[in-house]
Amino acid sequence: MSAEAVDDRGERYLIVGAGPSGLAVARAFAEGGVPFDIVERHRDVGGIWDMENPGTPMYDSAHFISSKTLSGFDGYPMPSHYPDYPGWREVLAYIRAFADDHGLRERVEVGVDVERVLPDDGDAWRVKLASGETRRYGGVVAAAGHDWLPRMPAYPGSFLGERYHSVCYRSAREFLGKRVLVVGGGNSGCDIACDAATHADRAFISLRRGYHFLPKHLFGKPTDLFFRSGPQPPARLAQPVLSLLLRVVVGDLTRYGLPKPDHKPLASHPIVNSQLLHHLAHGNIAAKPDVARFEGSTVHFTDDSSADVDLVVFATGYRHEIPFLDTVLGVDGGRRLWANMFVPGHPTLFVAGHFESDGGAYSLVSKQGTLFAGLARRPEARQALAARLRTPAPSLTGGIRHIDSPRHGIHVNLEAYTHFLTKLRNAVGDSQSGRGNEKTALSRSRVDD
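All of the points below concern the structure found in this document. Bear in mind the structure is a predicted one, so any value in this text is a computation, not a measurement.

Scoring rules and cut-offs
- Residues numbered from 1 in each chain as written.
- Predicted model: local features only at pLDDT ≥ 70, side-chain atom pairs only at ≥ 80, totals over all residues.
- Heavy atoms only, no water.
- Buried < 20%, exposed > 50% of the residue type's maximum accessible area, 1.4 Å probe, protein only.
- Helix = DSSP H or I, 4+ residues; strand = E, 2+ residues; numbered from the N terminus.
- Arc of directions from axis to C-beta.
- Contact = heavy atoms within 4.5 Å.
- Pairing = 2+ DSSP bridges.
- Axes fitted to C-alpha atoms, helices over the stretch in contact; angles between N-to-C directions.
- Parallel < 35°, antiparallel > 145°, perpendicular 65-115°, else oblique.
- Left-handed = near helix turned anticlockwise from the far one by under 90°.
- Nonpolar A, V, L, I, M, F, W, Y, C, P; charged D, E, K, R; others polar.
- Phe/Tyr/Trp six-rings, centres within 6.5 Å; stacked < 30°, edge-to-face > 60°.
- Lys NZ or Arg CZ within 6 Å of the ring centre and 35° of its normal.
- 1 Å grid on protein atoms, 1.4 Å probe; cavity = no way out; pocket = protein on both sides within 12 Å on 5 of 7 lines; lining within 4 Å.
- Points joined across faces, edges and corners; volume = space filled by probe spheres on them.
- Salt bridge = Lys/Arg side-chain N within 4 Å of Asp/Glu carboxyl O.

Turning our attention to helix α9 (residues 379-388). Those residues of α9 not exposed but buried are Ala381, Arg382 and Leu385. Taken down its axis, α9 places every buried residue within 100° of arc, on the same side. Those residues of α9 hidden inside the fold are in contact with β1 (7-16), β20 (342-343), β21 (346-351) and α8 (362-377).

Here we come to the sheet that holds strand β9 (residues 179-183). As a general point, the strands of a sheet are linked pairwise by backbone hydrogen bonds and lie either parallel or antiparallel. One open sheet accounts for 5 strands, arranged β8-β19-β9-β10-β15; its pairing is parallel. Each end of this open sheet is capped by a strand with a single partner; those strands are β8 (162-165) and β15 (286-288). The average angle at which neighbouring strand axes cross in this sheet is 20°, direction not considered. Note: β8 against strand β19 (residues 311-314), 4 bridges, orientation parallel. Each residue of the ladder has a partner; that of Glu162, found in β19, is Leu311.

Turning next to the packing of helix α1 (residues 20-32) against helix α2 (residues 88-101). Their axes nearest at 10 Å, the elements α1 and α2 cross at an angle of 20°. Taken together, the axis directions place α1 and α2 in an arrangement best described as roughly parallel. Relative to α2, α1 is oriented so that their crossing is left-handed. Contacts from Pro20, Leu23, Ala24 and Arg27 in α1 reach Ile95, Phe98 and Ala99 in α2. Grouping the amino acids of the contact of α1 with α2 by side-chain chemistry returns 6 nonpolar, no polar and 1 charged.

All right, on to the packing of aromatic side chains then. Counted according to the given criterion, the structure contains 25 aromatic pairs. Ring centres of Tyr59 and Tyr169 lie 5.8 Å apart, and the angle between their planes is 50°; on these two criteria the pair is classed as tilted. In this pair, Tyr59 is assigned in the loop between β2 (36-40) and α2 and Tyr169 in the loop between β8 and β9, connecting sequence segments 110 residues apart. Look at Phe342 and Phe372: their rings are 5.9 Å apart centre to centre, the planes differ by 75°, and that puts the pair in the edge-to-face class. With Phe342 in strand β20 and Phe372 in helix α8, this residue pair connects regions lying 30 residues apart in the sequence. Assigned by exposure class, Phe342 and Phe372 land together as buried. An aromatic cluster is present here, built from Tyr13, Phe29, Phe36, Trp338, Phe342, Phe350, Phe355, Phe372, Tyr417 and Phe420 joined pairwise through their rings. Lying over the aromatic face of Phe294, Arg163 brings its terminal NZ or CZ to 5.3 Å of the ring centre.

Before going further, it helps to examine the layout of surface pockets. Roughly 330 Å³ of volume is contained in the second largest pocket. What lines the second largest pocket is a set of 17 residues, among which His212, Ser243, Arg247, Lys260 and Pro261 lie closest to the centre. A total of 5 residues in the lining of the second largest pocket trace back to one element, the largest contributor, which is helix α5 (residues 235-249). Across the lining of the second largest pocket, the residue classes tally to 7 nonpolar, 6 polar and 4 charged.

A word on the pattern of salt bridges. Scanning the model with the defined rule gives 24 salt bridges in all. Residue Arg135 is joined to Glu109 by a salt bridge in which the shortest nitrogen-to-oxygen separation is 2.9 Å. Remark: Glu109 occurs in strand β3 (residues 108-110) and Arg135 occurs in strand β6 (residues 134-142); sequence separation between them is 26 residues. According to the relative accessible area criterion, Arg135 is buried, its value standing at 4%. Here Arg116 and Asp326 are joined by a salt bridge, their closest N and O atoms 3.2 Å apart. Here the residue Arg116 occupies a position in strand β4 (residues 114-119), and Asp326 occupies one in helix α7 (residues 326-329), the gap between them amounting to 210 residues. For Arg116, a relative accessible area of 27% gives the class partly exposed. On the basis of relative accessible area, Asp326 is assigned to the partly exposed category, the value being 33%. Residues joined in a network through salt bridges with shared partners are Asp7, Arg9, Arg12, Asp37, Glu109, Glu133 and Arg135.

Taken in spatial order, the 4 strands line up as β7-β16-β17-β18 in an open sheet, and their pairing is mixed. The sheet terminates laterally at β7 (157-159) and β18 (306-308), the two strands that pair on one side only. Each strand of the sheet is rotated relative to its neighbour by a mean of 35°, with strand direction disregarded.

Spelled out as structure tokens, the structure:
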């Protein structure tokens, strides 16, 4: 039997994914002189923000929950003419402008699907592509995102109507003439529930626990900008202050039929939504507790109430898996990464963007990219990293105790993670900040109005 043909690119790194995280790393590698290839399984750059990509969780009404001011890549702010909370079309245009202005788009191999990444001799990696091709790289950056694999709950009984996960949802037109139940209270679930409130014949949202709702604006400013425009208090002070502010500004959530939150503010991923409470107050949608069972077209809830519906949308989150790394990480191994980035014993394997944050993520992936470029460029930095990976992973919550749920296994506090990334870069001996972090914004001519 002949040996497997391998395209040896051992002097290069492979970046898997040309969404925001992969592009942030690619910029840092390009500016740091690190040889790399970047592959994308879809037709163009943009990741989940391109609604034409099969399997994307994007939908017509999707917007950032962080403001434009705090959501851009380092050194590349979002355009001033963007609204406070850009929609998916504007975010996609911004990502593609970033790729164009940094000469990255022409470097991306599109339509290339990575099937498996396996350790090879030394610290190298054998990469098997869906096309049957095998390549060998000196290092790999996994930047494929974590919102592609839906997590579906199981309930007793059978439902005779239509049901699907929110990853399949695209437009409020799907709700016309239907009685709709949305299960799940994350930001996507609340967005979709608002679409149902304005388009469905009847609309319900089912929440298994209570959440704190942050308005999108406070005192005339986007909420994240308001909280981060001054000195940052420690969590032990921030949580009671925020709790008091929400009682004044938002009030008692049980008035809307919502369950009382069973945790402190910031202990769960922030729900930033000003519309759902409006629709609840006007009777456009009704809140229900967790689903107990299905029976035909009837949904029974844990408070012994019921509702007849035609369609159930499960906005119940995603599995934190990296399928092409499952041999290295195991199932749901993304939750076991060291500091959401590294795998002990593998100093040339980096994972970018595999976190959820209480603030804009693009600044964090920019800093990850700068760190990765220093590690890729300097063997002694990788040796220092290998030693660090033998120590316990740090807490990145900023002193906040999160609720126990799958999504919070990868949740980080923006300030804590920013500080940690800078500290780690210095600890492994690469104090260079990266030119990408110092650049001013380039031409906006490629960003659509």
